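Structural features, examined
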Amino acid sequence: MSPYERINPYRGTGRPPFRRTPWGRRVSAALPWVFVLGIAVGSMLPIRQYVPQWMPLPSHWSLNRARDSDLIWQRAGAPDARHAVDVVRTIDGDTFEARVHLAPGPDLYTRVRLRGIDAPELKASCARELQMVQAATVALRDLLGQGDVVIYNIGPDKYQGRVVADVATKKTDNVSAALLAAGHARAYNGGHRFGWCGNFAR
């Protein structure tokens, strides 16, 4: 018996040593394209609601939201006409992102700023304002969490991609009034807004 025969791992199996077949080469060549296709499909999914608020949205999303916001207030109808919304996320103490159901037609996305109030800003200028914006955000999230959220008295906002509206829930007739009463916001009807780090009584 030759030395080769003693150590040949394929002896008696009838199978030749492994060789990559044409089919295997095709699969290997296709794998990178499968990955690229998966990324492309994933980018088309409605992931807007899962993006953290600190992460900037792609420019085409911003353009779509600006278009949607214009359509919402133009098609809102009478000031007392109520439109159901799904809350996507709470941004701060006076603004949230929503999917608005306007019939007929597809749902539209916008940011809703609560009418008549001003809450502390996310870009806090002092530790006190940061504490206040966190408390106001939690308060708004809790109110919206009551369910059956509707917006009415809808109008354009000075910032693109946003509307100004009154908001009601299943248990709260006016969310702005509730935040005012709890001390999480102050009345605001346009004009200059004072900071929150100086005179808090203003």
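The notes below deal with the structure included here. From a predicted model like this one, the values you see are computed outputs, not experimental measurements. (Residues numbered from 1 in each chain as written. Predicted model: local features only at pLDDT ≥ 70, side-chain atom pairs only at ≥ 80, totals over all residues. Heavy atoms only, no water.)

Things to note about the sheet that holds strand β6 (residues 162-168)
Sheets are built from strands that pair by backbone hydrogen bonding, the pairs being arranged parallel or antiparallel. Here five strands make up a closed barrel; going around it, the order is β1-β2-β3-β6-β5 and the pairing mixed. The average angle at which neighbouring strand axes cross in this sheet is 55 degrees, direction not considered. In this structure, strand β2 (residues 95-100) lies alongside strand β3 (residues 108-114), joined through six bridges in antiparallel fashion. Paired with Phe96 across the bridge in β3 is Val112. Helix α4 (residues 127-144) contacts β1 (83-90), β2, β3 and β6 of the sheet and is inclined by roughly 140 degrees relative to β1. (Pairing = 2+ DSSP bridges. Helix = DSSP H or I, 4+ residues; strand = E, 2+ residues; numbered from the N terminus. Axes fitted to C-alpha atoms, helices over the stretch in contact; angles between N-to-C directions. Contact = heavy atoms within 4.5 Å.)

Looking at the nonpolar core
By size, the foremost hydrophobic cluster in this structure holds 25 residues, and its most contacted members are Phe96, Val112, Leu114, Ile151, Val167 and Leu179. Breaking this core down by element, the ones donating at least two residues are β2, β3, α4, β5 (150-156), β6 and α5 (175-181). For this core, the element with the highest residue contribution is α4, accounting for four residues. Not counting the four nearest positions on each side in its chain, Leu179 is found in contact with Gly93, Leu114, Ile117, Ala139, Leu140, Leu143, His184 and Ala185. (Core = buried A, V, L, I, M, F, W, Y, C linked by side-chain atoms within 4.5 Å. Buried < 20%, exposed > 50% of the residue type's maximum accessible area, 1.4 Å probe, protein only.)

Section: unusual backbone geometry
For the peptide bond that leads from Ala103 to Pro104, omega is -5 degrees, which places it in the cis range. On the secondary structure map, Pro104 appears in the loop between β2 and β3. Its identity is not glycine, yet Asp148 carries a phi of approximately 50 degrees, on the positive side. With respect to the helices and strands, Asp148 occurs in the loop between α4 and β5. A positive phi is found at Asn153, a non-glycine position, where the angle reads about 55 degrees. Along the polypeptide, Asn153 turns up in strand β5. You can call Asn153 partly exposed: its relative accessible area is 26%.

Here's the deal with the side chain of Thr137
Looking at the element boundaries, Thr137 is found in helix α4. By relative accessible area, Thr137 is classed as buried at 9%.

Section: the pattern of salt bridges
Tallying each qualifying case throughout the model produces seven salt bridges. The partner of Arg67 in a salt bridge is Asp68, with the nearest N and O atoms 2.8 Å apart. We classify Asp68 as buried; its relative accessible area is 4%. Through salt bridges with shared partners, a single network forms among Asp94, Arg113, Asp118 and Arg186. (Salt bridge = Lys/Arg side-chain N within 4 Å of Asp/Glu carboxyl O.)

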